[in-house]
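Architecture and fold: a report
The chain contents come next:
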Amino acid sequence: MHKNKSNNELESQLDAVSIALKKSIKNLDSYTHVRGESLYVDDVNIRQGTFHAVVFDSPKAHGKIKSVDYSKAEALEGVERILTYKDIPGKNQIGGIIPDEPLFAEDEVHFWGMPIALIVAETEFIARKARDLIEIEIEELPVITTGKQAKEKGSLITKPRSFVLGDPEKAFKDCEYVFEGETFSNGQEHLYIEAQGAYAEPLENGTIKITSSTQGPTAVQRTTAQVLGVAMHKIEVDVTRLGGGFGGKEDQATPWAVMAALATYHLNQSVKLILNRHDDLRMTGKRHPYESTYKIGLSKDLKILAYEAEFLQNAGAAADLSPAVAERTLFHATNSYYVPNVNVTVASCKTNLPPNTAFRGFGGPQGMFVIESAIAKAAHDIGVTPRAIQEANLLDENDVFSYGQIAKKVEAKNSWESATSIYNIEAIEREVEEFNNSNSAFKKGMALMPICFGISFTNTPMNHARALVHIYLDGSVGISTAAVEMGQGVNTKMMQIAADVFSVPIEKIKIETTNTTRVANTSPSAASSTADLNGKATLKACNALLKRLKTVAATYLKVTPEQITLKDEFVYIKAKKTQLEWTQLISMAMLERVALTENAHYATPEIHFDKTKEKGHPFAYHVYGTAIITTTVDCTRGTYEFDSVKIVHDYGKSMSKGIDLGQVEGALVQGIGWMTMEEIAYNDDGKLLSNALSTYKIPDIFSVPKIVETVPLETKGHELAILKSKAVGEPPLMYGIGAYFAIQNAIKTFNPNYDLKFHAPMTPEKVLMGLYESRPTK
Ligand code: LUZ
Ligand code: MOS
């Protein structure tokens, strides 16, 4: 009825948005997101006759498969085929770092949810019905669900690794104070809105094209080729965007894509496999739970002289990325503090849980939680504020990390001092104290959380990327890279880079899908490094094209190329505008037969690491920041709210302030969720109990802090960051660790007998128990 009118209104609103975008770059994907036009795997136009697949998985966490009876399922009308390991033409192996993970179980199952077969049917509904008809007999074997149990039984994925600096044993003897304790941090479900999935279609001559919701298109291509026993060039992987990844699709998008391709291989028909939420929660790995012990030694003036920790990482039933995650725990074990004597060890423990995997922060947060716990414990027992210890130990220029890298362009003190002065820490402390003095049923708590996060894949050879840039003959530009857009806004950043180099409006730039036939042999979009690596490659390619175009212009205008600049779609000779436009220049280049395509390669310089010595310079740079978190705990109910989170964050020179702020706020809330409410629960049989959103609580609009303020730390940035705009994806997640300690401080105020525990998440149940455990009665 009012369709035209409202459409006009919408259009004019969109115009306003578009004008606003030009002023301050926002995530350009928001335009199609809001209109519901963004494409995901489930939106791919499927071929007539496409089959739908559902995974049949283990109903036990550990055991020998005695028999599986598929006959009733196969007899169901509409079931096309049921595929098992016997149908794999290549290798039944998908392990990324260590070849220890079959695609389909053979004679044994190692976790509840382990894939055993793929049911291919005319509809997903039929495939699900068929799944219920499969009968399986399993002879159960003992189940390990924790790192400690695994360690006792010697069930490890790899040999433990240690980083050592100085002589901690000797240093502990010189310490005024020494404290020991243990901590636990639980796993975390990625809960990307778009579940895992892929669509495979047969092309000619045995080629299979896979549309996958993956952070790592090359991993999907390579693993599919290995399982099918075909050459990599037979497998094309295409990604438009993901509805969230958070690390959960760095490695674990692969099996579903491989299964869909396997079915396509056998049936020569398109196959769609998208997990529903229950299947996704049950079958995929999560952030690693860690059981850890620490020993911290301090001098009289609160300097941390020595620190030891042992981290037991619950890796699940296969290696997946666990060894790399474990390594990052060691890299971040001392957070943003300088500790001269360190000995930290990590063991990847093999358990009967789904293989745990990459998750925003990649083991770093788990390491940082332990030293913050050690500091909280030390402060409590010495009788000082944690702030006093944190402040006394912040990293300085030229301090050495336990892994040998010398800290340069350090912003630890700068961000800390900026946060405490901008937000007036004394006033915040006073407010908390006054509130607590005048309220008995509610208590406030405050904590500071500094962060220091290393940027680069810790595995040095992974730090490279390529970009393929075409200028089309009408002057529009198409860019292909390995960057996968997953909501983090990387496509917008790439468009900015090209628009900036060519000095054309952003509308002239298009980021193409991420496709293995255009950009090959890539690293996943991960490690907060996607914009740095792919952006630098894009910058290189655009600059090479610009150089060529300048030569064309200079020849025509009879000047030297050095005198030419491009500005707002016109050619300038020094500061003087000419009549030569961008589009004319492109036509001219075409006539002159100049290549308007460039492929550039970028590999991060300077980085190296020697695993035999556990020393080197693994990170291009570090990202710093400080958060101040304040909470109010309802001491009758054990519930809590976050009054405010006040952050000073080191963006370097942010190239997209809106996008970067979005990353900080999103990561913060995800970190708070991990630390305070998201409780993954497996029973002793290894069955996931928190298998739905009714039993797994993530932050919602009501649980986000009432106020989040973020002030950019004014720094020069870093040359190895794209346009000096530092990586922002993961570091701010770790501000959320402060939430744990803010709540703990409120509990301490209410209950002086509370015995400090470091067992995350700090759920309302735990808060309530802490509030009342051996509390003195009046
Ligand atoms: N993935 C990876 C990562 O393979 N290596 C890393 O160092 C890393 N770091 C953070 C997140 N994902
Ligand atoms: Mo990652 S945790 O896929 O950057």
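Quantities reported herein were computed from a predicted structural model and do not represent experimental measurements. (Residues numbered from 1 in each chain as written. Chains lettered and ligands numbered in written order. Predicted model: local features only at pLDDT ≥ 70, side-chain atom pairs only at ≥ 80, totals over all residues. Heavy atoms only, no water.)

Observations concerning the overall build of the protein
Along the protein, the regular secondary structure elements total 20 helices and 30 strands. Relative to the compact-globule value of 28 Å for 778 residues, the protein shows a C-alpha radius of gyration of 28 Å, a close match. Taking all 778 residues of the protein together, the buried fraction comes to 60%. Long-range contacts, defined as pairs at least 24 residues apart, comprise 79% of the intrachain contacts of the protein with a sequence gap of at least 6. With an accessible surface of roughly 31,300 Å², the protein has 52% of that area assigned to carbon and sulfur atoms. In the protein, which carries 82 positive and 94 negative side-chain charges, the distance between the mean positions of the two groups comes to 4 Å. (Helix = DSSP H or I, 4+ residues; strand = E, 2+ residues; numbered from the N terminus. Rg over C-alpha atoms; globule rule 2.2 N^0.38 Å. Buried < 20%, exposed > 50% of the residue type's maximum accessible area, 1.4 Å probe, protein only. Contact = heavy atoms within 4.5 Å. Areas by Shrake-Rupley, 256 points an atom, 1.4 Å probe, with all protein chains shown as cover. Lys, Arg positive; Asp, Glu negative; His and termini not counted. Charge placed at Lys NZ, Arg CZ, Asp CG, Glu CD.)

Let's talk about the side chain of Ser725
Here Ser725 lies in the loop between strand S29 (707–712) and helix H19 (737–750). Note on Ser725: relative accessible area 2%, which makes it buried. One polar contact links the side chain of Ser725 to the main-chain amide nitrogen of Met655, over a distance of 2.9 Å. Setting aside chain neighbours within four positions, we find Ser725 in contact with Asp532, Tyr651, Lys653, Ser654, Met655 and Asp660. (Polar contact = N/O pair within 3.5 Å; in protein donor to acceptor, adjacent residues only side chain to side chain.)

Describing the pattern of salt bridges
Tallying each qualifying case throughout the model produces 40 salt bridges. Residues Arg128 and Glu124 are paired through a salt bridge, measuring 3.1 Å at the closest nitrogen-oxygen approach. Of this pair, Arg128 and Glu124 both sit in helix H4 (residues 124–132), 4 residues apart, roughly one helical turn. Accessibility expressed as a relative area gives 19% for Arg128, which makes it buried. The partner of Lys493 in a salt bridge is Asp660, with the nearest N and O atoms 2.8 Å apart. With Lys493 in helix H15 (residues 490–502) and Asp660 in helix H18 (residues 657–676), the pair connects residues that are 167 residues apart, well separated along the chain. Considered together, Lys493 and Asp660 belong to a single accessibility category, that of buried residues. Via salt bridges that share partners, Asp57, Glu124, Arg128, Arg131, Asp279 and Arg282 belong to a single interconnected network. (Salt bridge = Lys/Arg side-chain N within 4 Å of Asp/Glu carboxyl O.)

Some remarks on the sheet that holds strand S21 (residues 564–567)
Pairing is antiparallel in the open sheet, where 3 strands are placed in the order S21-S22-S23. Each edge of the open sheet is held by one strand with a lone partner, namely S21 and strand S23 (576–581). On average, adjacent strands in this sheet sit at an angle of 35° to one another, irrespective of strand direction. Direction of pairing for S21 relative to strand S22 (residues 570–573): antiparallel, over a ladder of 4 bridges. Across the sheet, Lys567 pairs through a bridge with Phe570, a residue of S22. Across the sheet, helix H17 (residues 582–591) touches S21, S22 and S23, and the angle it forms with S23 is around 60°. (Pairing = 2+ DSSP bridges. Axes fitted to C-alpha atoms, helices over the stretch in contact; angles between N-to-C directions.)

Examining the site of ligand 1
The full set of residues close to ligand 1 is Glu250, Arg328, Phe362, Phe457, Thr458, Met462, Ala526, Ala527 and Glu730. Separating an oxygen atom of ligand 1 from a side-chain N or O atom of Glu250 is a distance of 2.8 Å. One of the backbone N or O atoms of Thr458 is found 2.9 Å from an oxygen atom in ligand 1. Surface burial for ligand 1 is 97%, taken as the share of its 290 Å² of free accessible area covered by protein chains. Of the residues belonging to the shell around ligand 1, the class tally is 5 nonpolar, 1 polar and 3 charged. (Near = heavy atom within 4 Å. Nonpolar A, V, L, I, M, F, W, Y, C, P; charged D, E, K, R; others polar.)

As for helix H8 (residues 254–267)
Its 14 residues place the ends of H8 20 Å apart at the C-alpha level, agreeing with the 20 Å of an ideal helix rising 1.5 Å per residue. Of all 14 residues making up H8, 12 are buried, and the element is well covered by its neighbours. In the stretch just after H8, Asn268 is the one whose phi turns positive, near 50°. (Expected span 1.5 Å × (residues − 1).)

A look at the sheet that holds strand S10 (residues 208–212)
Backbone hydrogen bonds hold the strands of a sheet together, and the pairing may be parallel or antiparallel. Strand order in the open sheet made by the 8 strands is S3-S5-S1-S12-S9-S10-S11-S20, with mixed pairing throughout. Edge positions in the sheet fall to strand S3 (79–83) and strand S20 (514–515), since each has one partner strand and no second. Strands S10, strand S11 (235–239) and S20 of the sheet are contacted by helix H7 (residues 217–228), whose axis makes an angle of about 150° with S11. Relative to strand S9 (residues 197–202), H8 is tilted by about 25°, and along the sheet it contacts strand S1 (51–57), S3, strand S5 (115–121), S9, S10 and strand S12 (271–274).

A closer look at the packing of aromatic side chains
For the structure on display, the rule yields 18 aromatic pairs. On the numbers, 6.1 Å between centres and 45° between planes, the contact of Phe163 with Phe609 is tilted. Here Phe163 is found in strand S7 (residues 161–165), whereas its partner Phe609 is found in strand S25 (residues 608–610), with 446 residues between them in sequence. Three or more aromatic residues joined by ring pairs make a cluster, and in this case those are Phe163, Phe331, Phe401, Tyr403, Phe609 and Phe619. Here Arg241 stacks its cationic end above the ring of Tyr40, 5.8 Å away from the centre of that ring. It is Arg287 that lies over the ring of Trp674; its NZ or CZ is 4.8 Å from the centre. (Phe/Tyr/Trp six-rings, centres within 6.5 Å; stacked < 30°, edge-to-face > 60°. Lys NZ or Arg CZ within 6 Å of the ring centre and 35° of its normal.)

Considering the nonpolar core
Ile296, Tyr307, Phe311, Val344 and Ile737 are the most contacted members of the largest nonpolar core, which has 114 residues in total. Leave out the neighbours within four places in its chain, and Ile296 touches Phe172, Tyr177, Val178, Phe179, Ile304, Ala306, Tyr307, Ala374, Ile375 and Ala378. With 41 residues, the next largest nonpolar core counts Ile25, Val490, Val552 and Leu596 among its residues. (Core = buried A, V, L, I, M, F, W, Y, C linked by side-chain atoms within 4.5 Å.)

Section: the packing of helix H11 (residues 364–382) against H19
Between H11 and H19, whose axes approach to 10 Å, the crossing angle comes to 25°. Classed by the angle they form, the pair H11 and H19 counts as roughly parallel. When you trace H11 past H19, the crossing you get is right-handed. Of the residues in H19, those in contact with Pro365, Met368, Phe369, Glu372, Ser373, Ala376 and His380 of H11 are Ile737, Tyr740, Phe741, Gln744 and Lys748. When grouped by side-chain class, the residues that make up the contact of H11 with H19 number 7 nonpolar, 3 polar and 2 charged. (Parallel < 35°, antiparallel > 145°, perpendicular 65-115°, else oblique. Left-handed = near helix turned anticlockwise from the far one by under 90°.)

A short note on unusual backbone geometry
Residue Pro761 is bonded to the preceding Ala760 through a cis peptide linkage, with omega at 5°. Inspection of the secondary structure assignment puts Pro761 in the loop between strand S30 (759–760) and helix H20 (764–772). Here Asn205, not a glycine, exhibits a phi torsion of approximately 50°, which is positive. Following the sequence through the fold, Asn205 ends up in the loop between S9 and S10. The residue Lys724 is not glycine, and still its phi comes out positive at about 65°. With respect to the element layout, Lys724 can be found in the loop between S29 and H19.

Notes on the environment of Ala319
With respect to the helices and strands, Ala319 occurs in the loop between strand S14 (304–316) and helix H10 (322–331). Sequence spacing of Ala319 and Asn356 is 37 residues, and the spatial spacing of their C-alpha atoms is 8.2 Å. With residues up to four places along the chain from it excluded, the contact list for Ala319 reads Ile98, Asp100 and Ile157.

Quick word on the side chain of Asp532
By the element assignment, Asp532 lies in helix H16 (residues 530–557). For the buried residue Asp532, which engages in no salt bridge, the nearest side chain bearing the opposite charge is Lys536, 6.9 Å off.

Here we look at the pairing of S10
Across the 5 residues of S10, 4 count as buried, placing the element largely inside the fold. Of the pairings in the sheet, the one linking S9 to S10 comprises 5 bridges and is antiparallel in character. When the bridges of S10 are listed, Ala200 appears paired with Ile210. Between S9 and S10, which pair antiparallel and follow one another directly, the connecting turn spans 5 residues, one of which, Asn205, has a positive phi of 50°. Tracing the backbone out of S10, into H7 and back to the parallel element S11 gives a crossover that is right-handed. (Right-handed = clockwise from strand over helix to strand, strands pointing away.)

The values are spatial; any link to function lies outside them.
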